[in-house]
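For reference, the chains in residue letters:
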Amino acid sequence: MLIRTQSGEALAEIVHAYMSEMMGETDYYIFGICAGHGVFSGGKITLGIYKSKDKAKTELDAMTDFFEKNPNGVYRMR
């Protein structure tokens, strides 16, 4: 999956995306693991930052819908 980060500063080929809270913060992050890297071997990139868990889940849902319809498209994080 090609994904443009929310900041617009990176375009990455992502093989796995997930949502997580950061310790000591109230925001929810969506991270991606770049192609060629495993979950524990680095290659993690912040795709987007959201003010609530619901907003982050909504973005993951939008990503799912997009790639179901456009498997070769480039998703732009909101």
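Placed above this text is the structure.
Just so it is clear, the model here is predicted, and its values are computed rather than measured. (Residues numbered from 1 in each chain as written. Predicted model: local features only at pLDDT ≥ 70, side-chain atom pairs only at ≥ 80, totals over all residues. Heavy atoms only, no water.)

Undergrad: Is there a simple way to think about the sheet that holds strand 5 (residues 74-76) in this case?
TA: Working definition: the strands of a sheet are paired by backbone hydrogen bonds and lie parallel or antiparallel to each other. Spatially, five strands are ordered 4-3-2-1-5 in an open sheet, and the strand pairing comes out mixed. The sheet is open, and its two edges are formed by strand 4 (44-50) and strand 5, each paired on a single side. Averaged over all neighbouring strand pairs, the angle between strand axes comes to 40°, with direction disregarded. Pairing geometry for strand 3 (residues 28-34) and strand 4, over six bridges, is antiparallel. Counted as the bridge partner of Tyr-28 is Tyr-50 from strand 4. On top of the sheet, helix 1 (residues 53-69) reaches strand 1 (2-4), strand 2 (11-21), strand 3, strand 4 and strand 5; it is set at about 160° to strand 5, its chief contact. (Pairing = 2+ DSSP bridges. Helix = DSSP H or I, 4+ residues; strand = E, 2+ residues; numbered from the N terminus. Axes fitted to C-alpha atoms, helices over the stretch in contact; angles between N-to-C directions. Contact = heavy atoms within 4.5 Å.)

Undergrad: Any chance you could explain the environment of Asn-72 here in plain terms?
TA: Topologically, Asn-72 is positioned in the loop between helix 1 and strand 5. Owing to a relative accessible area of 76%, Asn-72 belongs among the exposed residues under this scheme. Here the alpha-carbon distance between Asn-72 and Lys-57, two residues 15 residues apart in the chain, equals 22 Å. (Buried < 20%, exposed > 50% of the residue type's maximum accessible area, 1.4 Å probe, protein only.)

Undergrad: Where do I start with a nonpolar patch on the surface in this structure?
TA: A cluster of nonpolar residues, Leu-2, Leu-11 and Val-74, forms a patch on the protein surface that exposes about 230 Å² of accessible area. Here Leu-11 is to be found in strand 2. (Patch = residues over 30% accessible without salt bridge, like charges linked within 9 Å, V, L, I, M, F, W, Y side chains within 5 Å. Areas by Shrake-Rupley, 256 points an atom, 1.4 Å probe, with all protein chains shown as cover. Salt bridge = Lys/Arg side-chain N within 4 Å of Asp/Glu carboxyl O.)

Undergrad: Before we go on, may I ask you to explain helix 1 in this structure?
TA: Each full turn of the α-helix corresponds to 3.6 residues, which orients residues three or four apart in the same direction. The end-to-end C-alpha distance of helix 1, which contains 17 residues, comes to 25 Å, matching closely the 24 Å that a straight helix rising 1.5 Å per residue would cover. Three or more residues of helix 1 are buried, namely Ala-56, Glu-59, Ala-62, Met-63 and Phe-67. One face of helix 1 carries all of its buried residues, which in axial projection span an arc of 125°. Summarising the geometry of helix 1, the exposed residues directed more than 90 degrees from the buried face are Asp-54, Thr-58, Glu-68 and Lys-69. On its buried side, helix 1 packs onto strand 1, strand 2, strand 3, strand 4 and strand 5. (Expected span 1.5 Å × (residues − 1). Arc of directions from axis to C-beta.)

Undergrad: Just checking my understanding: could you explain the pairing of strand 3 for this structure?
TA: Within a regular strand, the side chains alternate between the two sheet faces. Of all the seven residues making up strand 3, seven are buried; the element is thus mostly covered by neighbouring parts of the structure. The two faces of strand 3 match: Tyr-28, Ile-30, Gly-32 and Cys-34 on one face and Tyr-29, Phe-31 and Ile-33 on the other face are all buried. Direction of pairing for strand 2 relative to strand 3: antiparallel, over a ladder of seven bridges. From the neighbouring strand, Ala-17 faces strand 3, where its bridge partner is Gly-32. Hairpin remark: strand 2 followed by strand 3, antiparallel, with six residues in the connecting loop; positive phi at Gly-24, about 80°.

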